[in-house]
Every structure is written in C-alpha cells, then in structure tokens.
Amino acid sequence: MFHKSLETGKKIRTKTEVSKGALSVSYAAVKMAEELLDVLCGKSVLVVGAGETGQIAIKHLQKKGCSDLTIANRTLEKAVVLAQKTNAKFVEIKDIPLILHEQDIVLVSTACQHALITRSMVEEAMKKNTKGSLLLIDLSVPRNVEPKLDELPGVVLIDMDRLQQMVEKSQE
C-alpha cells in the first residue's frame, strides 16, 4: 500500500496537464477541492501538518482566496511559526475535535502512524456543523483520516486513491 501511495503521488506530480499545471499533490488536491466546492474563497480550512505538503497547500489555498485558515501540527511551535508566516490561526492537534464543526475543508498531510481524524470525531462535528457539509482531504502516507467517512451524510473524503482516480478520469 505504501508503494502504491508513492506511485500515486508521483503520477499526480508528473501528469501536470490533468489539473492545468499541477506541480504537486497539494496543488492537485486544492484544485480538486475547488472543482467540488465551486469556489474556495470564504471557506474555513483546517490544515493538519506543517511540513512541506501542508505549506504548499496553504500557499495554493491562499491563492484561491482562502483567508480563514487554521494550522494544527504535532509540534505546536512549528504550527505557530507557520501560522504567523501565513497569517493563519493555529491549534494543538488534541484540539481538532473542538473546531472540526467550524470547518468546510480539512486537509491532512502528516506522517502519523494512526488516524488523526476519526469517525466518532466527524460524527460529533457534523451534529454541530451548521453548513451541512465537510470536505476531508487526506494526503498522508499512511492515511491519517479514517476510511469510509464519506459514508456519513454531508461528508466527502478524498484520499490518495480517490485523488488518483479523479486524475485518471480527467485524463480520459
């Protein structure tokens, strides 16, 4: 599975014509979010992971007009530094359940060995979510968003496998 995820990432990065100049998995994910939601401007976004993938995603989200960004990271200091650099808010990873219901999009790109976004967490968030929908994007290897969360009403989940399918479909 790890090999397949790396292969998917490479495919997405090398098939630039698919998303009109996509140079990274982060860009492809942001482009996919824009296609699904029509517009990203005004959306609340939680980015989990302050590494390179998360930083690139933030850059592309801001170019699309996202200004309501929150960053969570395993080390709070790194989240704080990135938040200051990008004019975003920050939270500790343990506090994600407290703000999940306020988000339109959650983009996860960490190297954690277990799911950071769980079914019970999303079920609770959706009970309080007045927007009625939540887009989850998992760019992590291994996955950090529990699978099959898109079975929940109002939840859309894009993981590396689904991103690859969408990329391949758009090439046809």
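**Some details on helix H6 (residues 119–128)**
Phase 1: When H6 is considered as a whole, its buried residues turn out to be Met121, Val122, Ala125 and Met126. All buried residues of H6 project into a common sector of 130 degrees when viewed along the axis, lining one side.
Phase 2: Its buried side turned inward, H6 meets helix H5 (96–99), strand E5 (134–138) and strand E6 (155–159).

**A look at the confidence of the model for the protein**
Reading predicted coordinates in detail is not appropriate for stretches of low pLDDT.
Phase 1: Mean pLDDT over the protein: 87, with 84% of residues reaching 70 or higher.
Phase 2: Low pLDDT (under 50) marks residues 13–22, which in the prediction has 19 contacts with non-local residues, meaning those over four places away or in another chain.

**Comments concerning the pairing of E5**
Phase 1: With five of five residues buried, E5 is to be regarded as a mostly interior element.
Phase 2: The alternating pattern of E5 places Leu134, Leu136 and Asp138 and Leu135 and Ile137 on opposite faces, both of which are buried.
Phase 3: The pairing of strand E4 (residues 105–108) with E5 spans four bridges and is parallel. Residue pairing across strands places isoleucine 105 opposite leucine 135, the latter belonging to E5.
Phase 4: Since E4 and E5 lie parallel, the crossover through H6 that links them has a hand, and here it is right-handed.

Conventions adopted
- Residues numbered from 1 in each chain as written.
- Predicted model: local features only at pLDDT ≥ 70, side-chain atom pairs only at ≥ 80, totals over all residues.
- Heavy atoms only, no water.
- Buried < 20%, exposed > 50% of the residue type's maximum accessible area, 1.4 Å probe, protein only.
- Helix = DSSP H or I, 4+ residues; strand = E, 2+ residues; numbered from the N terminus.
- Arc of directions from axis to C-beta.
- Contact = heavy atoms within 4.5 Å.
- pLDDT = per-residue confidence, 0-100.
- Pairing = 2+ DSSP bridges.
- Right-handed = clockwise from strand over helix to strand, strands pointing away.

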